[in-house]
Amino acid sequence: MAIRYTLRQIEYFVAVGDAGSIAVAAGRLNVSAPSISTAISQLEDALGITLFVRQHAQGLSLTPGGRRLYKAARELLEGAGALHAMAGEISDQIGGPISVGCLVTIAPYFLPELRKAFEEGYPSAAFRHEEAHQADLFRMIRGAEIDTAITYDLEIPKDIAFEPLADLRPYALFAPDHPLADRDSVSLRTLAAHPLVLLDLPISRDYFQSLFHRVGLKPRIADRSAHLAMVRTMVANGFGYGLLNVPSANPNAPDGKPLVFRPISDPIDPLRVGLLTMRTEMKPRILQAFEALCRDRVPPLASGRHPVQ
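Bear in mind that the values here come from a model prediction, so they are computed numbers and not experimental data.

Concerning the nonpolar core
Part 1 of the reasoning: Grouped together as the largest cluster of nonpolar side chains are 97 residues, with contacts concentrated most on Ile150, Leu191 and Phe290.
Part 2 of the reasoning: When near neighbours in sequence (up to four residues on either side) are disregarded, Ile150 contacts Gly101, Cys102, Leu103, Ile106, Leu111, Leu114, Leu137, Val273, Gly274, Leu275, Phe290 and Cys294.

Structural notes on helix α1 (residues 7-19)
Part 1 of the reasoning: For α1, spanning 13 residues, the distance from its first C-alpha to its last is 18 Å, which sits close to the expected 18 Å at 1.5 Å a residue.
Part 2 of the reasoning: Among all positions of α1, only Gln9, Ile10, Tyr12, Phe13, Val14, Ala15 and Val16 are buried.
Part 3 of the reasoning: One or two steps after α1, the chain reaches Gly20, where phi turns positive at roughly 70°.

Some thoughts on the sheet that holds strand β12 (residues 271-278)
Part 1 of the reasoning: Reading across the sheet, the 5 strands line up as β4-β3-β5-β12-β6 and stay open at both edges, with mixed pairing between neighbours. Two strands lie at the open edges of the sheet, namely β4 (125-132) and β6 (160-168), each paired on one side alone. Pairs of neighbouring strands in the sheet enclose a mean axial angle of 20°, with direction left out of account.
Part 2 of the reasoning: As judged from the 3 bridges shared by strand β3 (residues 96-103) and strand β5 (residues 148-152), these two strands associate in the parallel manner. When the bridges of β5 are listed, Cys102 appears paired with Ile150.

Quick look at the sheet that holds strand β9 (residues 220-225)
Part 1 of the reasoning: If you trace the 5 strands from one edge of the open sheet to the other, you get β9-β8-β10-β7-β11, paired in mixed fashion. Each edge of the open sheet carries a strand with a single partner, namely β9 and β11 (260-263). The sheet shows a mean angle of 35° between the axes of neighbouring strands, taken without regard to direction.
Part 2 of the reasoning: As defined by bridge partners, strand β8 (residues 195-199) adjoins β9 across 5 bridges and the pair is classed as parallel. Within the sheet, the bridge partner assigned to Val197 lies in β9 and is Asp223.
Part 3 of the reasoning: On top of the sheet, helix α8 (residues 202-213) reaches β8, β9 and β10 (241-244); it is set at about 145° to β8, its chief contact.

Each value, and the rule that gives it
Residues numbered from 1 in each chain as written. Predicted model: local features only at pLDDT ≥ 70, side-chain atom pairs only at ≥ 80, totals over all residues. Heavy atoms only, no water. Core = buried A, V, L, I, M, F, W, Y, C linked by side-chain atoms within 4.5 Å. Buried < 20%, exposed > 50% of the residue type's maximum accessible area, 1.4 Å probe, protein only. Contact = heavy atoms within 4.5 Å. Helix = DSSP H or I, 4+ residues; strand = E, 2+ residues; numbered from the N terminus. Expected span 1.5 Å × (residues − 1). Pairing = 2+ DSSP bridges. Axes fitted to C-alpha atoms, helices over the stretch in contact; angles between N-to-C directions.

What follows is the structure, given as structure tokens:
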């Protein structure tokens with residue numbers, strides 16, 4: 001039988017059972033009240049039982065079934081703590097489960113190499129990854145479905161911490177016969193006069209269009225695609241230029257046609273890539289180890305393979 005809840009959800013359940021209040025439990029755990037509320041709701045869905053009676057102005061009280069599960073939940077947490085302590089006595093190796101999310105557009109450029117390096121360095125780790133859009137990453141962090149996520153520093157909620165790791169500067173890509181392909185760099189004003197194949201994802205489309213809007217320009221959007229590979233292929237086949245900021249060592253589109261990459265001459269704020277985690281003073285050793293790996297590996301991944309030199 002598959003287990004559909006996490007230890008973090010159990011921890012939040014016990015904390016609310018102790019406190020009788022989500023707000024009080026949130027203060028004790030140093031996490032946001034919405035995060036705890038979401039985790040409790042997910043736990044109730046997973047178990048198929050109502051754990052608390054929500055009483056107006058009187059906090060929460062355990063249901064009869066909730067009281068029985070509360071006792072078992074405390075024992076489960078105590079057992080998990082004992083297991084962790086025993087593992088520490090047996091070996092100093094870092095191991096155990098870790099779940100990492102990544103923004104879907106940048107996952108192919110960062111996640112496989114990071115995962116490989118982490119599993120080679122920590123063979124006792126049980127690594128699981130998820131690819132998702134920004135809003136889903138926030139939801140999964142709050143619901144304890146993932147421990148951390150690699151993404152951009154855009155629209156980060158106050159209850160979620162973001163550690164910047166590297167800057168990703170935008171660049172333009174062209175087919176070799178595009179009128180701008182032979183230039184050393186291109187300006188936004190010059191680009192605005194040509195058709196654009198826009199990467200049509202929530203964060204990407206807003207960011208790239210904002211580059212023009214900030215200087216009083218509007219891009220000529222000729223085509224759109226929610227798939228990075230499709231944008232590259234359409235550009236290579238002459239449908240317009242593209243704008244990207246993800247690193248790439250491949251100078252060709254997926255269909256094999258060549259691409260030309262050029263920097264943008266305007267002063268532009270880059271997108272910053274980094275790590276999302278819940279705001280908490282306590283982090284498992286395995287999460288600390290993964291964060292340390294990302295600090296070491298992400299900057300060269302972000303810059304060393306960038307097509308614009």
